[in-house]
Amino acid sequence: MTLFKFSVGPWNVHEGADAFGPEVRSSISFEHKIRRFKEIGFSGIQFHDDDAVPDMNNLSEEQIKSHARDLKHFLDTQGLEAEFVAPRLWMDSRTIDGGFTSNSASDREFALWRALRSIDIAKQLGSNKLVLWLAREGTLCAESKDPVLSLHRLREAVNAILEYDPHIKILIEPKPNEPIDRSFIPTVGHVLGFANGTKDPNRVGALLESAHAVLAGLEPALEMAFCLAHNKLWGVHLNDQNGLRYDQDKSFGVENIRSAFNQLKVLIDNGYGKNGEYIGLDVKAMRTQSIEESFCHLENSLKIVKMLESKVNRFNKNVLKQYQETRNYEALEMYVMELLLGEK
Ligand code: XLS
Ligand code: MG
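Values in this document were obtained by computation on a predicted structure and should not be read as measured data. (Residues numbered from 1 in each chain as written. Chains lettered and ligands numbered in written order. Predicted model: local features only at pLDDT ≥ 70, side-chain atom pairs only at ≥ 80, totals over all residues. Heavy atoms only, no water.)

1. Section: the overall build of the chain
No. 1: A count of helices and strands for the chain gives 12 helices and 10 strands.
No. 2: For 344 residues, the compact-globule estimate of 2.2 N^0.38 gives 20 Å, and the C-alpha radius of gyration of the chain, at 20 Å, lies within 12% of that figure.
No. 3: Taken over 344 residues, the chain has a buried fraction of 53%.
No. 4: A fraction of 77% describes how many contacts in the chain between residues 6 or more apart in sequence connect residues 24 or more apart. (Helix = DSSP H or I, 4+ residues; strand = E, 2+ residues; numbered from the N terminus. Rg over C-alpha atoms; globule rule 2.2 N^0.38 Å. Buried < 20%, exposed > 50% of the residue type's maximum accessible area, 1.4 Å probe, protein only. Contact = heavy atoms within 4.5 Å.)

If you want it as structure tokens, here you go:
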């Protein structure tokens, strides 16, 4: 039996706003969320920089660090650790047109400032992982940015981040679209290619989110496999997604249980977690959910992970071998179906 460590972010319990309607639940305090996460079975917390240090734009670098130290103390008292910090480069008026790839030099400077402060925060929290979800690093109007220049700008920013701290590892979380129309780094294949052009490719890897791979028309399990084959799968965000629609962040496995099974299978078969990697969940409650039930999607996702983990452990390698030898993949497929449907 594997002993995965699980992580989650405060944004995964939210007030229910979507692109077409305002908030429908009142806010739950940060401390309450963190305590509930622990009770539910999480041991790691994922942070955006301003989840960790609210109002950081108006604080000095020293104040930011000191706030982060207080947070570390709180996490310690709860027996939790910080998995990573990610600069939130999509909410500020200075990142409307992207951060690192904005056409405006002062906007790019702001984006780098936030990334470096995220490292300061991560270090105070005892983490060496910086996640870059490149939310607006792409275009709304295809001709608005020079795509080659933009990738050079992104590389410059990543190099500056690598230089700032010799121990920091950068996990790029790709997504093909939303909130932008087209992303400059849409898949983990792009991440790994891009990593090779940076100053220290050994410190630039990937975080794969299931839904983001589906949005790119790809199979999340194979995207994970691609990174694992390169020793570059440093984080995962398990969730689910109904095809090429808006980003749904559904509970893990609720749309495509076979794909969810294969995601866990590739992680377990390849020893994911042995270097301390977390199984992160990036799921959101439906808008219809009441505030009293606004942690259900997290409990459900964890339960589904564990149920599928036991299916992976029951997957019979001898049966597999036999069907591989006879090339009877119809039988293999039926075996998997029966396993998933509880007949094996
Ligand atoms: C959004 C992303 C985001 C990142 C963290 O689509 O998944 O939640 O995981 O910045
Ligand atoms: Mg994510």
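2. Details of the coordination of the magnesium ion (ligand 2)
No. 1: Taken together, the protein donors to the magnesium ion (ligand 2) comprise Glu173 (OE), Glu209 (OE), His237 (ND1) and Asp282 (OD), at separations of 1.9 to 2.2 Å.
No. 2: For the magnesium ion (ligand 2), the 6 donor atoms in the first shell make angles of 80 to 168° at the metal, a pattern classed as octahedral. (Donors = N, O, S within 2.8 Å, 3.2 Å for Na, K, Ca; no water. Tetrahedral: all angles 85-135°; square planar, octahedral: opposite > 155°, others 65-115°.)

3. Thoughts on the site of ligand 1
No. 1: Near ligand 1, the surroundings consist of Trp11, His48, Trp90, Trp133, Glu173, Lys175, Glu209, His212, His237, Asp247 and Asp282.
No. 2: One nitrogen or oxygen atom from the side chain of Lys175 is found 3.3 Å from an oxygen atom belonging to ligand 1.
No. 3: In the model, an oxygen atom of ligand 1 is placed 3.1 Å from a nitrogen or oxygen of the His237 side chain.
No. 4: Among the residues forming the shell around ligand 1, the class breakdown is 3 nonpolar, 3 polar and 5 charged. (Near = heavy atom within 4 Å. Polar contact = N/O pair within 3.5 Å; in protein donor to acceptor, adjacent residues only side chain to side chain. Nonpolar A, V, L, I, M, F, W, Y, C, P; charged D, E, K, R; others polar.)

4. So, the side chain of Asp92
No. 1: Tracing the backbone through its elements, the reader meets Asp92 in the loop between β3 (81-86) and α4 (105-124).
No. 2: The exposure class assigned to Asp92 is buried, which follows from its relative accessible area of 13%.
No. 3: Here the side chain of Asp92 touches Arg94 through a polar contact of 2.8 Å, landing on its backbone nitrogen.
No. 4: Asp92 has contacts with Asn57 and Phe110, leaving out every residue within four places of it along the chain.

5. A short note on the packing of aromatic side chains
No. 1: For the coordinates displayed, the defined rule picks out 7 aromatic pairs.
No. 2: With 6.2 Å between their ring centres and 35° between their planes, Phe30 and Phe47 make a pair best called tilted. Of the two residues, Phe30 sits in helix α1 (residues 30-40) while Phe47 sits in strand β2 (residues 44-48), which places them 17 residues apart along the sequence.
No. 3: Classification of Phe30 by relative accessible area gives partly exposed; the value is 22%.
No. 4: For the pair Phe37 and Phe42, a centre-to-centre distance of 6.1 Å together with 75° between the ring planes defines the contact as edge-to-face.
No. 5: The exposure class of Phe37 is buried, given its relative accessible area of 0%.
No. 6: Its relative accessible area of 2% is what places Phe42 among the buried residues.
No. 7: Put simply, the rings of Phe37, Phe42 and Phe295 touch in pairs and so form one group of aromatic residues. (Phe/Tyr/Trp six-rings, centres within 6.5 Å; stacked < 30°, edge-to-face > 60°.)

6. What to know about the UniProt feature "domain: Xylose isomerase-like TIM barrel" (unreviewed entry) in the chain
No. 1: Within this structure's numbering, the places UniProt gives as "domain: Xylose isomerase-like TIM barrel" (unreviewed entry) are residues 35-250.
No. 2: Between the first and last C-alpha atoms of residues 35-250 the distance is 23 Å; the span itself is 42% helix and 17% strand. (UniProt positions renumbered as here; feature names shortened; annotations may be inferred.)

7. Notes on the packing of helix α10 (residues 296-314) against helix α12 (residues 329-340)
To characterise two packed helices, one gives the angle between the axes of the helices and the distance between these axes.
No. 1: Orientation of α10 relative to α12, taken along the N-to-C sense of each, is 140°, at an axis distance of 10 Å. By the angle between their directions, the pair α10 and α12 is classed as oblique. Note on packing geometry: the crossing formed by α10 with α12 is right-handed. Within the contact between the two elements, α10 uses Leu308, Lys311 and Arg314 and α12 uses Tyr335, Leu339 and Leu340. (Axes fitted to C-alpha atoms, helices over the stretch in contact; angles between N-to-C directions. Parallel < 35°, antiparallel > 145°, perpendicular 65-115°, else oblique. Left-handed = near helix turned anticlockwise from the far one by under 90°.)

8. A word on the nonpolar core
No. 1: Among the nonpolar cores identified, the biggest contains 87 residues, and Phe100, Ile161 and Leu267 are the most heavily contacted of them.
No. 2: Apart from residues lying up to four places away in sequence, Leu267 is in contact with Phe4, Met224, Leu233, Val236, Tyr272 and Ile279.
No. 3: Residues Ala86, Val131, Leu171 and Leu207 belong to the second largest nonpolar core, which totals 7 residues. (Core = buried A, V, L, I, M, F, W, Y, C linked by side-chain atoms within 4.5 Å.)

9. As for the pairing of β3
No. 1: Of all 6 residues making up β3, 5 are buried, and the element is well covered by its neighbours.
No. 2: Across 5 bridges, the pairing between β2 and β3 is parallel. Residue pairing across strands places Ile45 opposite Ala82, the latter belonging to β3. (Pairing = 2+ DSSP bridges.)

10. Focus: the pairing of strand β9 (residues 233-238)
No. 1: For β9, a buried count of 6 out of 6 residues is recorded, marking the element as mostly surrounded by other parts of the structure.
No. 2: As defined by bridge partners, strand β8 (residues 204-209) adjoins β9 across 4 bridges and the pair is classed as parallel. Opposite Leu207, over in β9, you have Gly235 as the bridge partner.
No. 3: With 3 bridges joining them, β9 and strand β10 (residues 279-281) adopt parallel strand pairing. In the strand pairing of β10, Leu238 is matched with Leu281.
No. 4: Of the crossover connections in this fold, the one passing from β9 over helix α9 (residues 257-269) to the parallel β10 is right-handed. (Right-handed = clockwise from strand over helix to strand, strands pointing away.)

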